[in-house]
Amino acid sequence: MTHTLLLYCLVFLLPTESWRTLYQAASKSKEKVPARPYGVCDGVCTDNSQCTQPCPPDTQGNMGFSCRKKTWHKITDTCRTLNAVNIFEEDSHLVQPFEDNIKISVYTGKSETISDMLLQKCPTDLSCVIRGIQQSPRIPGNIAIIVQLLHNISTALWTGVDEEKMRSYSTIANHILNSKSISNWTFIPDRNSSYILLHSVNSFARRLFIDKYPVDIPDVFIHTMGTTISGDNIGKNFTFLMRVNDTSNEVTGRVLISRDELWKVPSPSQVISIAFPTIGAILEASLLENVTINGLVLSVILPKELKRISLIFEKISKSEERRTQCVGWHSVENRWDQQACTMIQENSQQAVCKCRPSKLFTSFSILMSPHILESLILTYITYIGLGISICSLILCLSIEVLVWSQVTKTEITYLRHVCIVNIAATLLMADVWFIVASFLSGPITHHKGCVAATFFVHLFYLSVFFWMFAKALLILYGIMIVFHTLPKSVLVASLFSVGYGCPLVIAAITVAATEPGKGYLRPEACWLNWDMTRALLAFVVPALAIVVVNLITVTLVIVKTQRPAISNSMFQEVRAIVRISKNIAILTPLLGLTWGFGVATVINDRSLAFHIIFSLLNAFQGFFILVFGTILDPKIREALKGRVTSTKRSSTISEKASSELSCHPIKGPS
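In this text the structure is predicted, and so the values were computed from the model without any measurement.

## Focus: the nonpolar core
Membership of the largest hydrophobic core comes to 53 residues, with the highest contact counts inside it found for Leu177, Leu197, Phe276 and Ile279. For Leu197, the residues in contact, after removing those within four places along its chain, are Val147, Leu150, Ile176, Leu177, Trp185 and Ile279. Residues Leu393, Val418, Ala424 and Leu528 belong to the second largest nonpolar core, which totals 51 residues.

Listed below in structure tokens is the structure:
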């Protein structure tokens, strides 16, 4: 009788198979299963070879291995104890687990899913599967079955989801969201399982009906809150406090809906938010992505009239050296997308994001860069270099003032020193404004000051480049000998138009075009925005274009200075090399070629060496201008020497006159 009942249950619950297959399966379930080796591959391990091994006793499925560096590594795992029968707790004592198909075929030929059976067995609260799931181990095969179950439930034609159904659904999801299961998600063959789970939870919650009272369903690894809103509300917010990384450390996440947004709601509506502390790590593990979620993942389900919300994420890792990005999960492309959110404010503790929920974007979080871009070494180099640079530029300008009349007697030297003085002056102003901008705490607390500082940093650094460009044009004119064709006044006016006019136009257009839409500044610093408006291109494109032109100029100078020697002696070759090296050393800082290392930092932004070289060359640029543009100029040295000699001569004459007066005092009338 028992045997007959067992077969009847199998036919009713499992997928359609031949009676012979079912009979053999039931008979074999009574036999003792011999011990089989598991977790070890037979045969020689050669690179890229694969093997399959059975799962441990009392589980079904298999494990896949791949050979890398002569060692077997597990890549897939379908080991499971759950199946379509014992997942229902009242039936778990009748049948031993050996089948995992989600679809259930009865003897009448009607195909049903587990969600259909849930409607039959426990339609009010889904509770008939909770005990069986909670008692199951969180191994990859079981996780895959539960994900498919949750997906089936979320896609079933429910007439309505009340709080009890939502509570049971969250309990089931909480079991596989446990932080102890994260590593097992890596071995699930279907890499889509993680975002299927996220999408399923969001879809099921979207059907939740909130009656009179707010909904609050807290679980350890999923927390659901919901309430009704209307246009007369002063604002709504949800605050979540959840434990992460299987420790006692807790982080917060807040969803803020402003009063201005609530006014857009025409009638009472409902808002639902779900917090996940582990789904970010699960997505990373299952999709094998090199991204790190640094806060809770917050899903938000809103009326279609609400277009913007503010999200506050407390950081899990509170490192100040790692870059943070606000992101939304793209439900079609299944990836984190920066276009969904904008960073509003950030510090070492938290990040504030402004996000745009839609059908594509329901879940949001913050990403942490996997590598450290900023280093204390770079910070020290930058500020020490800027200090030395500012002092050098002040000294450079002072020397130019002292010797101006002696070194600007010809038209060519006059124009040359006009360029050097303006390069030094604009670089000095740029460095000063750079320091001012760095001391402003951020665009939120000092928005107007930050805009002003960014504008002047942009303007003066562009002026540095355009004056360097003007100097390069002068060098080209000198090579082509066309100075006599233009009056001095025209050349001076042209230099000032290029050096100050072009940067002013570019800087003004940039701020006018991007600031009204709050796209002028970076969220984390007082500098030109990149993520939203690409405003940084207004600096990068002109600067790199000028560097290229100036590099061509230096090349022409090198070719021009290679004068043909009468004899090919070693002495002549050494003199040519010294002359070329001197020209390169002098022109490189004056024409801004050191900024070319910025391209290397873009190509390989993880290389600290490139960042250090770039910081050294550009933070000390003022010092290089003093040395190569002023001190090494023989005419300036000669003028300084004459100035010092003249000063000494004047001092000597004064001393003689004083001594004569003291030795021969003037006698008054007696």
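## Topic: the pairing of strand E13 (residues 309-314)
Counting buried positions over the 6 residues of E13 gives 6, a clear majority of the element. Side chains of E13 alternate between two faces, with Ile309, Leu311 and Phe313 and Ser310, Ile312 and Glu314 buried alike. Of the strand pairs in this sheet, E13 and strand E17 (residues 350-355) are connected by 6 bridges, and their pairing is antiparallel. In the strand pairing of E17, Ile309 is matched with Cys355.

## Structural notes on the side chain of Thr224
For Thr224, the position within the fold is in strand E7 (residues 223-229). Discounting residues that sit within four places of it in the chain, Thr224 has contacts with Met166, Ser170, Val215, Asp216, Ile217, Ile272, Ser273 and Ile274.

## As for the sheet that holds strand E2 (residues 62-68)
Pairing is antiparallel across the open sheet formed by 3 strands, whose spatial order is E1-E2-E3. Looking along the sheet, the strands with just one partner apiece sit at the ends: strand E1 (50-54) and strand E3 (71-77). Taking each pair of neighbouring strands and ignoring which way they run, the sheet shows an average axis angle of 35 degrees. One ladder, built from 6 bridges, connects E2 with E3; its direction is antiparallel. Looking at the pairing, Gly64 lines up with Thr76 of E3.

## Focus on the packing of aromatic side chains
Enumeration according to the criterion identifies 13 aromatic pairs in this entry. Ring plane angle 20 degrees and centroid distance 6.2 Å describe the contact between Phe456 and Phe460, whose orientation is recorded as stacked. Placement of both Phe456 and Phe460 in helix H13 (residues 447-480) is noted, with a separation of 4 residues, approximately one turn of the helix. For Phe456, a relative accessible area of 28% gives the class partly exposed.

## Regarding the sheet that holds E13
One open sheet accounts for 5 strands, arranged E8-E9-E13-E17-E16; its pairing is antiparallel. For this open sheet the edge positions go to strand E8 (236-243) and strand E16 (341-346), each flanked by a neighbour on one side alone. The mean angle between the axes of side-by-side strands here comes to 20 degrees, regardless of whether they run parallel or antiparallel.

## Thoughts on the pattern of salt bridges
Scanning the entire structure with this criterion turns up 6 salt bridges. A salt bridge links Lys315 to Glu346; the shortest N-O distance between them is 2.6 Å. Residue Lys315 is found in the loop between E13 and strand E14 (324-330), and its partner Glu346 is found in strand E16; the two are separated by 31 residues along the sequence. The exposure class assigned to Lys315 is buried, which follows from its relative accessible area of 2%.

## Let's talk about the state of the cysteines
Across all of its chains, the model carries 5 disulfides by this definition. A sulfur-sulfur separation of 1.8 Å characterises the disulfide bridge that pairs Cys45 with Cys67. In this structure the cystine formed by Cys45 and Cys67 twists about its S-S bond by roughly 105 degrees; its chirality is therefore right-handed. A residue pair is termed long-range when its members are at least 10 positions apart, and Cys45 in the loop between helix H2 (19-30) and E1 and Cys67 in strand E2 qualify at 22 residues. Assessed through its relative accessible area of 15%, Cys45 is described here as buried. A relative accessible area of 0% means that Cys67 is categorised as buried. One disulfide in the model links Cys55 with Cys79; its S-S distance is 1.9 Å. Its S-S torsion of approximately -95 degrees makes the covalent link between Cys55 and Cys79 left-handed.

## Description of a positive patch on the surface
A cluster of basic side chains, namely Arg206, Lys304, Lys307 and Lys359, defines a positive patch on the protein surface. Take Lys307: it is sitting in the loop between strand E12 (297-301) and E13.

## Looking at unusual backbone geometry
In this structure, Lys70 is a non-glycine residue whose phi angle is positive, near 65 degrees. Within the secondary structure layout, Lys70 lies in the loop between E2 and E3. You will see that Asn334, though not glycine, has its phi angle at about 55 degrees, which is positive. With respect to the helices, strands and loops of the structure, Asn334 is situated in the loop between E14 and strand E15 (335-337).

## Notes on the packing of helix H6 (residues 163-176) against helix H8 (residues 193-206)
In contact at an axis separation of 11 Å, H6 and H8 are set at 170 degrees when each is read in the N-to-C sense. Classified by the angle their axes make, H6 and H8 are roughly antiparallel. Only Leu197, Ser200, Val201, Phe204 and Ala205 of H8 make contact with H6, whose side of the interface consists of Lys165, Met166, Tyr169, Ala173 and Ile176. Within the contact of H6 with H8, the residues separate by chemical class into 8 nonpolar, 1 polar and 1 charged.

## Concerning the packing of H8 against helix H10 (residues 279-287)
Here H8 crosses H10 at 145 degrees, and the two axes come no closer than 8 Å. Across the interface between the two elements, Ser194, Tyr195, Leu197 and Leu198 of H8 pack against Ile279, Ile282, Leu283, Ser286 and Leu287 of H10. Taken together, the residues that form the contact of H8 with H10 break down as 7 nonpolar, 2 polar and no charged.

Criteria and thresholds
- Residues numbered from 1 in each chain as written.
- Predicted model: local features only at pLDDT ≥ 70, side-chain atom pairs only at ≥ 80, totals over all residues.
- Heavy atoms only, no water.
- Core = buried A, V, L, I, M, F, W, Y, C linked by side-chain atoms within 4.5 Å.
- Buried < 20%, exposed > 50% of the residue type's maximum accessible area, 1.4 Å probe, protein only.
- Contact = heavy atoms within 4.5 Å.
- Helix = DSSP H or I, 4+ residues; strand = E, 2+ residues; numbered from the N terminus.
- Pairing = 2+ DSSP bridges.
- Axes fitted to C-alpha atoms, helices over the stretch in contact; angles between N-to-C directions.
- Phe/Tyr/Trp six-rings, centres within 6.5 Å; stacked < 30°, edge-to-face > 60°.
- Salt bridge = Lys/Arg side-chain N within 4 Å of Asp/Glu carboxyl O.
- Disulfide = S-S within 2.5 Å.
- Patch = residues over 30% accessible without salt bridge, like charges linked within 9 Å, V, L, I, M, F, W, Y side chains within 5 Å.
- Areas by Shrake-Rupley, 256 points an atom, 1.4 Å probe, with all protein chains shown as cover.
- Lys, Arg positive; Asp, Glu negative; His and termini not counted.
- Charge placed at Lys NZ, Arg CZ, Asp CG, Glu CD.
- Parallel < 35°, antiparallel > 145°, perpendicular 65-115°, else oblique.
- Nonpolar A, V, L, I, M, F, W, Y, C, P; charged D, E, K, R; others polar.

Functional significance is not addressed by these values, which are geometric in nature.
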